Amino acid sequence: MIFIRTVVLSAASAVAAVLVTVPAAAAHLPATDHQASQVTLRAPGYVWTRTASTVGVSVFSGSLSRPSVTPVWTVTVFAPAISSLTGLPTTTELGSGGWAHESEQKLQTAGYAAQLAAVAWPNYTDTPHGVQGYRVRTGSYGSQVDAQAVAVRLKGAGFTTATVQWTGYDSDAPVDAEHVHVAVIDPRELHGTITATHGSAIAQRTTTSQLAQQSHAIVAVNGGYFVTSDADGFQGAPSGLAAYEGTLQAMSVGDRAALVLQDNHVSIQHLVSTVTLTSGGASAQVDGINRRPGLVRDCGRPQLQPTSQPRQDITCTTGSDTVLFTAQFGAPLPAGPGVQVVLDATGHVLSLGARGGSVPVGGSAVQAIGAPATWLTSHLSVGARIGVVDRVRDDRTGQPVDIHATTGILSAGPTLLHDGQPAIDAATEGVIDPRDRSFNFAWAEIRQPRTMVGTDASGRLLLVTVDGRGPGISEGLTLVEEARLMRELGARQAMNLDGGGSTAMAVNGALVNHPSDASGERADGDALVIIPG
């Protein structure tokens with residue numbers, strides 16, 4: 001018999017409550033000293049309902065509602081800025097103190113009550129502290145339509161950057177409503193496998209629920225970052241380090257967090273990868289796997305333009321590139337300038353010439369543009385054998401990662417927790433730039449839909465999704481709020497996965513959260529899946 005029990009608890013007690021609410025006979029979870037269904041709240045709490053369970057797996061939905069917190073629609077005047085990446089004019093929500101006071105005076109002169117607020121730097125490990133910038137707003141409106149009407153009038157009065165916003169998304173405003181789903185997986189009890197999947201092809205997009213159905217997963221959540229536009233490469237291809245069933249399918253883009261899944265052991269590491277081609281005593285470096293030569297989504301590779309540092313959702317370019325295409329690529333090989341080598345399953349060269357065509361069954365291909373193309377033509381010929389040596393190591397410790405048949409790797413970021421403490425390295429992992437307030441402020445510091453993964457002190461895996469972009473329904477979380485929630489749920493190590501419209505959790509193949517895209521569940525890249533058997 002399966003019991004469903006609703007409990008009111010602080011997020012800090014969620015894991016303990018998971019153990020309480022799932023009967024040991026039904027889920028075979030370890031015994032706990034916490035036997036009460038009511039847990040004393042230590043912070044504003046959620047109402048949790050267990051929605052599914054099996055051996056080693058418990059799934060909960062949680063809701064938070066604070067009627068006393070009443071966000072409103074308002075109009076923000078954005079500040080002028082210069083993009084550090086393009087050098088072109090842009091705007092940003094936070095400006096300097098001088099700009100803010102000047103804008104405040106201009107609004108008052110035009111007959112609008114101005115609200116000026118200093119916004120502090122979040123608790124990141126690698127950014128300044130104190131005041132980050134100043135936000136200027138006017139008005140408090142009960143509907144988005146009313147706020148939009150005021151924004152139109154403001155633009156007509158010369159405030160061309162007037163933008164309608166919902167204050168419930170502000171990092172410095174109290175949370176009023178959240179919908180959360182949490183899956184707790186105990187590898188010691190699980191009758192199954194924790195792994196990563198991208199479906200049948202790398203260069204394709206598939207919804208998380210479809211990937212769950214294809215793999216017969218008990219639970220699945222969306223995984224790492226991926227290419228979303230043809231202009232940036234091949235849609236669906238991972239934009240950071242990725243491996244499925246022991247095969248490297250994408251390379252690292254800087255020092256970024258990665259989830260390593262090996263034989264049901266889960267760890268979060270900062271991984272970097274190298275891939276080397278060898279032939280007849282000569283060798284050459286591979287710069288990427290399963291991506292369009294010359295385009296690097298999220299940057300983070302040497303000699304790129306406009307930056308070699310990781311930059312979230314930015315596509316950098318290069319005229320000198322070597323890319324390996326695996327048997328799982330699943331799309332026509334890109335044509336264009338440069339050289340291509342096609343290999344059979346044993347690594348022997350089948351052809352050497354112009355780019356294009358397809359990867360042979362079980363084989364691979366290498367494309368090069370710029371200087372690396374010369375190496376291919378001067379060192380290879382039909383019938384020659386190419387060796388491919390790939391290595392993955394933890395960039396923080398230097399320790400190698402053994403990639404074998406059961407290894408799965410998902411890459412996203414940033415890190416949220418390390419040894420139970422907040423460890424958000426947002427600048428290092430390229431999700432913000434402290435020198436440029438226009439870069440990704442909303443991505444990191446405005447509440448968004450989020451997907452998180454972590455492990456607790458007992459080695460249990462925590463998969464968490466938070467719905468967002470629903471004013472008054474579920475606002476989402478900032479990066480700092482993600483770290484806080486994961487810590488309260490008992491995580492010792494945690495990282496951010498892809499979020500926004502990509503956030504999805506499927507249980508027994510059915511979507512359980514509410515994606516933010518108007519069209520419904522988004523087709524993503526890869527997924528983390530819990531497979532029975």
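See the structure printed just above.
*Asks:* Before we move on, can you summarise the nonpolar core with the specific residues and values?
*Replies:* Core analysis: the biggest nonpolar cluster contains 73 residues, and Leu463, Met486, Leu528 and Ile530 have the highest contact counts within it. Counting residues in each nonpolar core, the second largest holds 28 residues, with Val260, Leu277, Val349 and Ile409 among its members.

*Asks:* Account for unusual backbone geometry, with residues named and values stated.
*Replies:* For the bond from glutamine 305 to proline 306, the omega torsion is 5 degrees, close enough to zero to count as cis. Relative to the elements of secondary structure, proline 306 occurs in the loop between β20 (295–299) and β21 (310–317). Of note, the amide linkage connecting glycine 413 to proline 414 takes the cis form, showing an omega dihedral of 10 degrees. Mapped onto the elements of the fold, proline 414 is located in the loop between β27 (408–411) and β28 (415–418). The backbone of histidine 216 sits at a positive phi, close to 60 degrees, despite the residue not being glycine. As for its placement among the helices and strands, histidine 216 is situated in the loop between α5 (208–215) and β13 (219–222). Residues other than glycine seldom take positive phi values, yet aspartate 419 does so here, at roughly 55 degrees. With respect to the helices and strands, the residue aspartate 419 is situated in the loop between β28 and β29 (421–422). Note on aspartate 419: relative accessible area 40%, which makes it partly exposed.

*Asks:* Which residues make up helix α3 (residues 97–109), and what values go with them?
*Replies:* The first and last C-alpha atoms of α3 sit 18 Å apart over 13 residues, in line with the 18 Å expected at 1.5 Å per residue. At its buried positions, α3 is contacted by β4 (73–77), β5 (79–82), β7 (114–120), β8 (131–141) and α4 (144–156). Just beyond α3, the residue with positive phi is glycine 111, at close to 95 degrees.

*Asks:* Please give an account of the sheet that holds strand β19 (residues 288–289) that cites residues and values.
*Replies:* Where strands meet in a sheet, backbone hydrogen bonds hold them as pairs that are either parallel or antiparallel. Taken in spatial order, the five strands make up an open sheet running β19-β22-β25-β23-β24, and their pairing is mixed. The outermost strands of the open sheet, each flanked by one partner alone, are β19 and β24 (349–353). For strand β22 (residues 321–325) and strand β25 (residues 364–369), the ladder comprises five bridges, and the chain directions are antiparallel. Across the sheet, the residue bridging to phenylalanine 325 is alanine 365, located in β25. Helix α6 (residues 371–379) contacts β22, β23 (339–343), β24 and β25 of the sheet and is inclined by roughly 130 degrees relative to β25.

*Asks:* Before we move on, could you go through the pairing of β23 and cite the residues and values that matter?
*Replies:* Across the five residues of β23, five count as buried, placing the element largely inside the fold. With burial as the criterion, each face of β23 is covered, one bearing Val339, Val341 and Leu343 and the other bearing Gln340 and Val342. Alignment of β23 against β24, held across four bridges, turns out to be antiparallel. Directly across from leucine 343, in β24, lies its bridge partner valine 349. Count of turn residues in the β23/β24 antiparallel hairpin: five residues, of which glycine 347 carries a positive phi of about 90 degrees.

Thresholds, definitions, all that
Residues numbered from 1 in each chain as written. Predicted model: local features only at pLDDT ≥ 70, side-chain atom pairs only at ≥ 80, totals over all residues. Heavy atoms only, no water. Core = buried A, V, L, I, M, F, W, Y, C linked by side-chain atoms within 4.5 Å. Buried < 20%, exposed > 50% of the residue type's maximum accessible area, 1.4 Å probe, protein only. Helix = DSSP H or I, 4+ residues; strand = E, 2+ residues; numbered from the N terminus. Expected span 1.5 Å × (residues − 1). Contact = heavy atoms within 4.5 Å. Pairing = 2+ DSSP bridges. Axes fitted to C-alpha atoms, helices over the stretch in contact; angles between N-to-C directions.

Take it as geometry only, folks, not as evidence of what the structure does.
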